[in-house]
Amino acid sequence: MEPIKIVIAGPRGRMGREALELIHKTEHFILVGAVDRTNEGKKISDIEGLPPLDAVIFTDLERCLQEVNADVLLDLTTPEIGRAHIKIAIQYGVRPVVGTTGFTQDDLKELELLVEDKKLGAIIAPNFAVGAILMMKFSQMAAKYFQDIEIIELHHDQKLDAPSGTGIKTAELIAQVRDSKKQGHPNEYEHIEGARGAEYDGIRLHSVRLPGLVAHQEVLFGGEGQTLTIRHDSYNRASFMSGVKLAIDTVMKIDLLVYGLENILE
Ligand code: NAP
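- Identification of the chain as 4-hydroxy-tetrahydrodipicolinate reductase from Bacillus salitolerans is taken from an unreviewed UniProt entry.
- Under the UniProt heading Sequence similarities (unreviewed entry), the entry covering the chain gives this text: "Belongs to the DapB family."

Next up, the structure:
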């Protein structure tokens with residue numbers, strides 16, 4: 001396979017560390033640079049606990065891309081920094097693969113135009129776990145038969161955004177096949193604000209944040225005399241890495257923005 005030269009942003013984060021292991025063990029992936037808030041000029045291998053990779057760390061992506069020749073930017077940071085990183089990568093003709101969550105519809109529209117203009121591949125995947133993608137697809141199938149749906153997403157308590165990107169994406173996919181519907185009793189009210197969760201097209205979304213959790217989601221469907229529950233659990237961040245690998249390989253072959261791993265799974 002042709003080697004793919006990668007710059008990673010967020011290498012010391014939980015996803016970043018796992019992605020470095022993936023790059024280290026994948027023969028055709030070459031880490032050519034890293035972007036971190038600290039450790040300017042050090043190598044990845046200088047940082048305790050990170051794999052023995054020689055790539056140099058920069059505190060600024062633009063300078064990094066001026067100095068190294070990269071094919072792909074793998075961004076695993078925050079939406080604020082990720083948004084800026086994607087724009088810089090596109091400007092330098094480097095294909096973004098983004099696991100960072102929390103982008104708005106307006107962000108996606110803007111990025112789609114930038115990518116289109118440059119005829120460059122880009123992938124933004126709010127969930128890289130293949131099982132989670134199947135959970136979303138199965139939920140979309142089930143929504144044709146069950147119109148009353150509640151989504152409960154559960155994550156570790158360090159997660160910044162709520163509801164999760166996967167929760168929102170699930171609701172979006174369901175809304176494509178289900179007529180808009182107000183659920184619950186027509187006169188229902190909340191004793192405590194938020195008790196019924198967030199609402200997307202009538203679907204209720206609930207966000208649980210607890211230490212000990214990684215990334216989990218249940219989609220509950222209710223019908224006459226029956227319920228159906230579809231659940232996915234990511235127990236550690238290794239669960240995301242087959243999706244990261246697929247996205248990096250795929251982004252080299254496309255020239256548009258793909259949002260969601262489900263659009264590249266065969
Ligand atoms: P994390 O452990 O908090 O790591 C975030 C990383 O971003 C850290 O290395 C952090 O550096 C860095 N960062 C934050 N602000 C920065 C800035 N201004 N400039 C440069 N670097 C900055 O989070 P995580 O669990 O790895 O998750 C990272 C992102 O991926 C989040 O958006 C999360 O929601 C998302 N995620 C996606 C998936 C998926 O499947 N797509 C799965 C899990 C998580 P410091 O240590 O200096 O703060």
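This is not the end of the story, as more comes after the structure.
1. A word on the overall build of the chain
- Within the chain one finds seven helices and 12 strands.
- In terms of overall dimensions, the chain has a C-alpha envelope of 60 × 40 × 30 Å along the principal axes.
- The buried share of the chain, taken over its 266 residues, is 52%.
- When contacts within the chain are restricted to residue pairs at least 6 apart in sequence, long-range pairs at least 24 apart make up 69% of them.
- Of the roughly 13300 Å² that the chain leaves accessible, carbon and sulfur atoms contribute 50%.
- If the 29 positive side-chain charges of the chain are averaged to one point and the 40 negative ones to another, these points end up 1 Å apart.

2. Quick word on the site of the ligand
- In the vicinity of the ligand, 20 residues are found, and the nearest of them are Arg12, Met15, Arg37, Thr101 and Phe128.
- One of the backbone N or O atoms of Gly13 is found 3.1 Å from an oxygen atom in the ligand.
- For the ligand, an oxygen atom lies 3.2 Å from a polar atom in the backbone of Thr77.
- Applying the majority rule of atoms within 2 Å of the grid points places the ligand in the largest pocket.
- For the shell around the ligand, the per-class residue count stands at seven nonpolar, eight polar and five charged.

3. What to know about the sheet that holds strand 8 (residues 198-200)
- Ordered by their spatial adjacency, five strands build an open sheet running 8-9-7-10-11, and the pairing between neighbours is mixed. Sheet topology places strand 8 and strand 11 (226-234) at the edges, where each strand pairs with a single neighbour. Pairs of neighbouring strands in the sheet enclose a mean axial angle of 20°, with direction left out of account.
- Bridge count for strand 10 (residues 215-223) against strand 11 is nine bridges, and the pairing is antiparallel. By the bridge assignment, Val219 is partnered in strand 11 with Ile230.
- The sheet contacts of helix 5 (residues 130-142) involve strand 10 and strand 11, and relative to strand 11 the element is tilted by about 165°.

4. A word on the UniProt feature "active site" (unreviewed entry) in the chain
- The UniProt entry lists His155 and Lys159 under the feature "active site" (unreviewed entry), expressed in the numbering used here. Cross-referencing the annotated residues with the lining of the largest cavity gives His155.
- Along the polypeptide, His155 turns up in strand 7 (residues 148-155).
- Looking at His155, the relative accessible area reads 10%, which means it is buried.
- When sequence neighbours within four positions are dropped, the list of residues in contact with His155 reads Ser164, Val208, Arg209, Leu210, Leu213, Val214, Ala215 and His216.
- Looking at His155, its side chain comes within polar contact range of the side chain of Glu153, at 2.7 Å.
- Turning to its location among the elements, Lys159 is positioned in the loop between strand 7 and helix 6 (165-177).
- With relative accessibility at 17%, the residue Lys159 sits in the buried group.
- Leaving out residues up to four positions away in the same chain, Lys159 has contacts with Thr101, Ser164 and Arg209.
- In this structure the side chain of Lys159 is engaged in a polar contact, spanning 3.5 Å, whose partner is the side chain of Thr101.

Rules and cut-offs
- Residues numbered from 1 in each chain as written.
- Predicted model: local features only at pLDDT ≥ 70, side-chain atom pairs only at ≥ 80, totals over all residues.
- Heavy atoms only, no water.
- UniProt positions renumbered as here; feature names shortened; annotations may be inferred.
- Helix = DSSP H or I, 4+ residues; strand = E, 2+ residues; numbered from the N terminus.
- Buried < 20%, exposed > 50% of the residue type's maximum accessible area, 1.4 Å probe, protein only.
- Contact = heavy atoms within 4.5 Å.
- Areas by Shrake-Rupley, 256 points an atom, 1.4 Å probe, with all protein chains shown as cover.
- Lys, Arg positive; Asp, Glu negative; His and termini not counted.
- Charge placed at Lys NZ, Arg CZ, Asp CG, Glu CD.
- Near = heavy atom within 4 Å.
- Polar contact = N/O pair within 3.5 Å; in protein donor to acceptor, adjacent residues only side chain to side chain.
- 1 Å grid on protein atoms, 1.4 Å probe; cavity = no way out; pocket = protein on both sides within 12 Å on 5 of 7 lines; lining within 4 Å.
- Sits in = over half its atoms within 2 Å of the grid points.
- Nonpolar A, V, L, I, M, F, W, Y, C, P; charged D, E, K, R; others polar.
- Pairing = 2+ DSSP bridges.
- Axes fitted to C-alpha atoms, helices over the stretch in contact; angles between N-to-C directions.

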